[in-house]
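The chain contents come next:
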Amino acid sequence: MDTRSYVRQPGARPPGSRWRRVGTRPLAARAAWSWPRRAAALLVGLGALVGLLLGTAVPASAHAALIRTDPADGSVVKTAPQRVVLTYSEGVLLSDDSLRVLDPHGTDVAVGTPGHAQGKDSGATSTVALKPGLGDGTYTVAWRAISQDSHPVAGAFTFSIGAPSRTDVDLSGVAARGGGAAGTLYGVGRYVAYAGFALLVGASVFLSVCWPRGALLRPLQRIAATGWVAMAASTIALLLLRGPYVNGKGLGQALDLGVMRDQLQTRPGAALLSRLLLLAAAAVFLAVLFGSYARREDPEERADLAWGLGIGGTVIGVGIAATWAMAEHASVGIQHQVAMPVDVVHLLSMAVWLGGLTTLLTALWAPSVASRPIEAYAVRRFSLVGLTAITLLVGTGVYQAWRQMGSWRAFTDTSYGRTLLIKIGLVCALVAIAWFSRRWTARLGQAPATASASASGSASASASTTASASAAATASAGTVVAQGVREPVAAATDRTDGTAATADAKAGAASGSGGAGGADNARAAQLRRQQAARSAARARKVLDADPFRGALRRSVLAEAAVAVVLLGVTTILSGSQPGRAAEEQKALAPAPSASSGTGTAPSGQGRIAVTVPYDTGGPKGKGTAEVTVTPGQAATPNQVQLVINGAAGTPVDVPEVRLAFTLPAQNLGPIPITLTHVGTGKWTASAAQLPLPGTWQMSVTVRTSDIDEVTETKNVKVTS
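Just so it is clear, the structure is predicted and the values come from calculations on it, not from any experiment.

> Report on the sheet that holds strand E17 (residues 682-688), specifying residues and quantitative values.
Reading across from one edge, E11-E12-E13-E17-E16 is the order of the 5 strands in this open sheet, with antiparallel pairing throughout. Both outer strands of the open sheet, strand E11 (608-615) and strand E16 (676-679), are each paired with one neighbouring strand and no more. Strand-to-strand twist in this sheet, taken as the mean axis angle between neighbours without regard to direction, amounts to 25 degrees. The pairing of strand E13 (residues 638-645) with E17 spans 5 bridges and is classified as antiparallel. Counted as the bridge partner of Val640 is Ala685 from E17.

Here's what the structure looks like:
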């Protein structure tokens, strides 16, 4: 294979090519780029995986839950009520369409604007007055509200006046809880915001506390700048998506100024707006950090500026973290006065650790940083900062887990608890990898001196030798070009530090032949690029002489890979119903309405009978669930019977069984059915109503132990 280099000749070119061959890319330069590309590909792949998880995840249950209605769900009252009252597990925010009461023909019979009921805990209620003189029949209540932790909740239930009847209600406007395209995009935006916060805070702390000299390097500056841009873009996107996400009326509302104004008046909207203002201050902070602070030489002036940057950066970081704490899970529930500052510390610790890891990874891997490698003291300093951040992260995480879970059983009985277990496992993996990183950090620079000196000496000797050879070869090349003869220049591929000699030789050649000036400039540029690649390769070779630095690079890369997935799990947790709230919701049985009576299920010819096999994967985890719904009609009180049979075909008891119905075509549900245990393996429910006919998705959840649980679904046809 011909690896020689040629210069471009005036008026001549090789067949099929515009430029003559300049030689193959140096092997050392290719090697210097191989690992960073693999690292980037790995992180991009993990990011895509997290995005897929966020995009395909089922919309999570929010914090607030409907626990009581008056009239009660499925009840039959003798006289028309004056108003409808709903009670939630926590305070909610209401809008003009938070409550709609539809008669059998689909006409809204509510009067006025929904509001909170009077009395204790009025903020956790919603009520609306009804028109007087309502006729008999089945009425459908469609409700929607915003939890205090910023997540939307929605649903529907029915009650009847006098006697049940058929209904023509269309509930296509009732959206799923945070679902649809708006919900998916909102979840992606939240992930980008968390990632940007980590990059912004972590890189700023690393470059101001651990390695101030690194603030002059472009690759490290780009990390903090990328975090700032990601946060600004995601915050603007979240503000635009807030209306469609909450109202569930499509992405068309994203540019509706009226909807946006309404959202800015809520606590989540105010938090997002405050985050934008703080990001403006963060831009000034970055300009000072990468400008006057990084370039200032006077130690006293630098120290004074460091104090100002430290105070200002702390205020900005705490403020941005508070925009999450004041609008999400930490702001509601027990001990919220303590939980909000604890959440701020938790977020800052996460950002310092994960963002600092990304900055350290870039400092260890980027080829453009190899000529100015990170000092061992900076790595050790970050090791101490990271250890402090991990300690605070674990401590605040334990408190948050206790506050959000409430019991050990909630770890296995709720989706929030199971997701939290995954997060705990990822954190444990990170801590384990960090322990190895601290080992390599402590031994950094302790590689045998002979290896490093030999590598450095050989590189220097090679540099001086090739410099002389390259100068002579370049002068020869200039003569060749001046004569207009095509001659190979084999020494060009070995050129390293002979840039000055090359420039002089080419200047002489240019003075001898004015037509070759453009070719000389192009050749000089090529030689400079080759020299830069070889310089980076030599610097990388010297660094690789320290085996502990290479081990540290690999362990930091592993930490960063796990951190990408950890951020995704954290984003899912922040949009899920905490385990304590889920357990409280199970314990709160719907109270009977004072004005409601007991309806009698009318007889009918139709019946739904479904057998659903299940397998929880644990001991005695196989069996079947037989569900019977009589008469199986919409807007009619139905008698539900559920029998759990074991593998032997005989009824068996299980710790828990749940039944719910969802109508995907109308975005209605899930509507849970309250079951009563009446015997071994038998549960029943009376007066269960499904408001609309259609193909419903029936979900049966069976739990056979503390950790073995499965949900099976079947489609059933409900007639009118």
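> Explain the packing of helix H7 (residues 336-365) against helix H8 (residues 376-405) residue by residue, including any values.
Between H7 and H8, whose axes approach to 8 Å, the crossing angle comes to 145 degrees. Where H7 crosses over H8, the two elements pack in a sense that is left-handed. Across the contact of H7 with H8, the residue classes tally to 17 nonpolar, 7 polar and 2 charged.

> Break down the packing of aromatic side chains for me, citing the residues and quoting the values.
If you walk through the whole model with that rule in mind, you get 8 aromatic pairs. Seen in terms of ring centroids, Tyr399 and Trp402 are 6.0 Å apart; in terms of plane orientation they differ by 35 degrees. Their pairing is tilted. Placement of the pair is Tyr399 and Trp402 together in helix H8, with a separation of 3 residues, close to one helical turn. Here Trp402 falls in the partly exposed class, since its relative accessible area comes to 43%. In this structure, Arg275 packs its charged tip against the face of Trp324, placed 4.1 Å from the ring centre.

> Can you break down the environment of Gly202 residue by residue, with the values?
Along the chain, the position of Gly202 falls in helix H2 (residues 180-210). Gly202 has contacts with Phe197, Ala351, Val352, Gly355, Gly356 and Thr359, leaving out every residue within four places of it along the chain.

> Provide a residue-level description of the pattern of salt bridges, including the pertinent values.
Pairing between side chains of opposite charge can happen when the charged atoms of each approach one another. Within the structure shown, the criterion is met by 5 salt bridges. Note that Glu709 and Arg658 form a salt bridge whose closest N and O atoms lie 3.4 Å from each other. Residue Glu709 is found in strand E19 (residues 709-718), and its partner Arg658 is found in strand E14 (residues 656-663); the two are separated by 51 residues along the sequence.

> An account of the environment of Leu692 is requested, with residue identities and associated values reported.
Note on placement: Leu692 falls in the loop between E17 and strand E18 (694-703). Taking relative accessible area as the criterion, Leu692 reaches 4% and is therefore assigned buried. Taking C-alpha positions, Leu692 is 8.4 Å from Thr719, a pair spaced 27 residues apart along the chain.

> I'd like a description of the confidence of the model for the protein chain, backed by residues and values.
Put simply, the protein chain has an average pLDDT of 74, and 70% of its residues get 70 or more. Between residues 48-62, whose pLDDT stays under 50, and residues either more than four places distant or in other chains, the model counts 27 contacts. Note that pLDDT drops below 50 for residues 588-605; the model gives that stretch 24 contacts with residues more than four away or on any other chain.

> Go over the sheet that holds strand E1 (residues 66-70), please, and point to the residues and values.
The 4 strands are arranged E1-E3-E7-E6 in an open sheet whose pairing can be described as antiparallel. Strand pairing shows two members of the sheet lacking a second neighbour, E1 and strand E6 (110-115), which therefore form its edges. Strand-to-strand, the axes of this sheet are offset by a mean angle of 15 degrees, without reference to chain direction. Of the pairings in the sheet, the one linking E6 to strand E7 (residues 125-130) comprises 3 bridges and is antiparallel in character. Looking across to E7, one finds that Val111 is bridged to Ala129.

> Run through the pairing of strand E12 (residues 622-630), naming residues and quoting values.
Relative to E12, E11 runs antiparallel, the two being bridged by 8 bridges. Counted as the bridge partner of Thr611 is Glu626 from E12. Linkage of E11 to E12, two consecutive antiparallel strands, is achieved through a turn of 6 residues, within which Gly617 is found at a positive phi near 90 degrees. Taken together, the 7 bridges between E12 and E13 define a ladder with antiparallel strand orientation. When the bridges of E13 are listed, Ala625 appears paired with Ile644.

Cut-off values and rules
- Residues numbered from 1 in each chain as written.
- Predicted model: local features only at pLDDT ≥ 70, side-chain atom pairs only at ≥ 80, totals over all residues.
- Heavy atoms only, no water.
- Pairing = 2+ DSSP bridges.
- Helix = DSSP H or I, 4+ residues; strand = E, 2+ residues; numbered from the N terminus.
- Axes fitted to C-alpha atoms, helices over the stretch in contact; angles between N-to-C directions.
- Left-handed = near helix turned anticlockwise from the far one by under 90°.
- Nonpolar A, V, L, I, M, F, W, Y, C, P; charged D, E, K, R; others polar.
- Phe/Tyr/Trp six-rings, centres within 6.5 Å; stacked < 30°, edge-to-face > 60°.
- Buried < 20%, exposed > 50% of the residue type's maximum accessible area, 1.4 Å probe, protein only.
- Lys NZ or Arg CZ within 6 Å of the ring centre and 35° of its normal.
- Contact = heavy atoms within 4.5 Å.
- Salt bridge = Lys/Arg side-chain N within 4 Å of Asp/Glu carboxyl O.
- pLDDT = per-residue confidence, 0-100.

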